[in-house]
Each structure stands twice: as structure tokens, then as C-alpha cells.
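Listed below are the residues making up each chain.
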Amino acid sequence: MGDDRKVARILLDRRGRTYAEEAGITLADRPAPLYQLLVLATLLSTRIRAGVAVAAARELFAARLRTPQAMEAASWQDRVDALGRGHYRRYDERTSTMLGTGARLCRERWRGDLRRLHREAGGEPAGLRRLLTEFPGIGPTGADIFLREAQVVWPDLRPFADRRALAGAKRLGLPASAERLAALVAPADFGRLASALVRVALGEESAGEVTRAAAA
């Protein structure tokens, strides 16, 4: 357990930034940042590098498309252009359509406030997944991405580790369950640890370098 805690601490020091933070989202339990997280999860759901998805999210937000109202009001071409500036070109046209449709669903069903979705699901991951996958472009993987990042501000989700986070833990020789991983860090740090583990799984961080640093 002591060695595992050291590995977790080094990983947090090296890669302890969530994807939401990287995309410029100041995550809070408020409508706008939660919607921005939904946009990021949509972009991360496609078969494209995470760095490209993050860059595309930053471009959308720089274009002031930070709320469902603004996203829906923007033209299809404006959304395509923003995605293109982030080099999100392979899926830009289809994704532009999905973002517009998803923004309308968020506004009409949830009044633009995903806290209502959280309350309807009672904070239960299974219920949240079901409701999140009603958004176009959000499948089981996208829903898990949203929940993994949202646990930073929705503590009733903790500890939540999706398939990719657990794959990263396996590469580091860490425990293979969210509950056992959660014992390695403070509760408030678990969301950051989960994102860091995903970076290991995706090859953004070297498992070997982390474990060697822990052994030093």
C-alpha cells in the first residue's frame, strides 16, 4: 500500500490535471461549466486523439459557445469552423450537427442546467449514464468520461473510475478497483488521479517513468 501511494502521488505530481482543466473549463456545480464538460465529453468520444478533442473544445469556448443557448444559436458553419481551428476535421461536420441537437435537448429538457439531470438520476451512475446517452454523440464511453470528470464537483459519484482509468492502473501495477484506488489519495484528489490514469492508458504518460520515479 505504501508503494502504491507513492506511485499515485508521483502520478498526481506529473499529470494531476483533469481534461476539463486542460480544456479551460473551471469546473463547478453550475450550469455553464457542466454544459462545457458535456461538450468536451462529446468531443472525446470519437476516435480522435484526446489532445485534438481538448483543442477543439478550447476553440468552441473561445468562440463564446459556452452555454447550450449559445451553441444552439450559432450557425452550423460557425461550429464547423471552430472545430476546424482545433484540427478536429475528420468528424467536424457530423459533430457540429450533434452539438447543435444536443444543445437544444439540454435547453428544452433540462432548462440548460445539467444539475437537474443529476437530481433526476439521484446521483446514481447507472441512471446518469442512461440520461447522458440520450445526448447525440454520447455513448457509454462518453457518459463515463463525463462522470469521471464530474466527480470533482459531484462528490456523490466518488470514487468513479472508468475502463480507461482502470487500464492505466493495471499498467502501473495499482489496484484494479475504484474503491481500492481511492484509498491511495485524498477524496478530493480522486478525480485528478482518475484522469491521470487515463493519460497512462492512452500513452500520454509513461508508466515506466512513473514506476521508476516511485522506486528511486
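This text follows the structure it describes.
Residues numbered from 1 in each chain as written. Predicted model: local features only at pLDDT ≥ 70, side-chain atom pairs only at ≥ 80, totals over all residues. Heavy atoms only, no water.

1. Re the overall build of the protein chain
Alright, step 1. Looking only at helices and strands, one finds 14 helices and 0 strands in the protein chain.
Alright, step 2. Start at the N end of the protein chain and walk to the C end: the helices and strands fall as α-α-α-α-α-α-α-α-α-α-α-α-α-α.
Alright, step 3. Against the compact-globule benchmark of 17 Å for 216 residues, the protein chain has a radius of gyration of 17 Å, which places it among compact chains.
Alright, step 4. Along the first, second and third principal axes, the C-alpha atoms of the protein chain reach 55 × 35 × 25 Å.
Alright, step 5. Going through the 216 residues of the protein chain one by one, you find that 50% of them count as buried.
Alright, step 6. Nonlocal contacts in the protein chain, meaning residues at least 24 apart in sequence, comprise 65% of its contacts between residues at least 6 apart.
Alright, step 7. Entry remark: accessible area of the protein chain is about 9,800 Å², with carbon and sulfur atoms responsible for 47%. (Helix = DSSP H or I, 4+ residues; strand = E, 2+ residues; numbered from the N terminus. Rg over C-alpha atoms; globule rule 2.2 N^0.38 Å. Buried < 20%, exposed > 50% of the residue type's maximum accessible area, 1.4 Å probe, protein only. Contact = heavy atoms within 4.5 Å. Areas by Shrake-Rupley, 256 points an atom, 1.4 Å probe, with all protein chains shown as cover.)

2. As for the pattern of salt bridges
Alright, step 1. Enumeration according to the criterion identifies 15 salt bridges in this entry.
Alright, step 2. In this structure, the salt-bridge partner of R199 is E22, at a minimum N-O distance of 2.9 Å. Here R199, found in helix α13 (residues 190-201), pairs with E22, found in helix α2 (residues 19-22); they are 177 residues apart in sequence, far enough to count as distant.
Alright, step 3. As a salt-bridge pair, R148 and E149 come within 3.7 Å of each other at their nearest N and O atoms.
Alright, step 4. A residue is classified by how much of its surface remains accessible, and E149, at 1% relative accessible area, is buried.
Alright, step 5. Ionic contacts of the salt-bridge type, sharing partners, join the residues R14, R15, E205 and E209 into one network. (Salt bridge = Lys/Arg side-chain N within 4 Å of Asp/Glu carboxyl O.)

3. Some remarks on the nonpolar core
Alright, step 1. Counting residues in each nonpolar core, the largest one holds 74 residues, and the members touching the most others are L40, L43, L60, L114, F146, L172 and L197.
Alright, step 2. Among the elements that make up this core, the one with the highest residue count is helix α3 (residues 31-44) (9 residues). (Core = buried A, V, L, I, M, F, W, Y, C linked by side-chain atoms within 4.5 Å.)

4. What about the packing of α3 against helix α4 (residues 50-62)?
Alright, step 1. Running from amino to carboxyl end, α3 crosses α4 at an angle of 140 degrees, the nearest separation of the two axes being 9 Å. The two elements α3 and α4 meet at a crossing, and its hand is right-handed. Where α3 approaches α4, its residues Q36, V39, L40, L43 and L44 are matched on the opposing element by A50, A53, V54, A56, A57, L60 and F61.
Alright, step 2. Looking at the contact of α3 with α4 residue by residue, the classes come out as 11 nonpolar, 1 polar and no charged. (Axes fitted to C-alpha atoms, helices over the stretch in contact; angles between N-to-C directions. Left-handed = near helix turned anticlockwise from the far one by under 90°. Nonpolar A, V, L, I, M, F, W, Y, C, P; charged D, E, K, R; others polar.)

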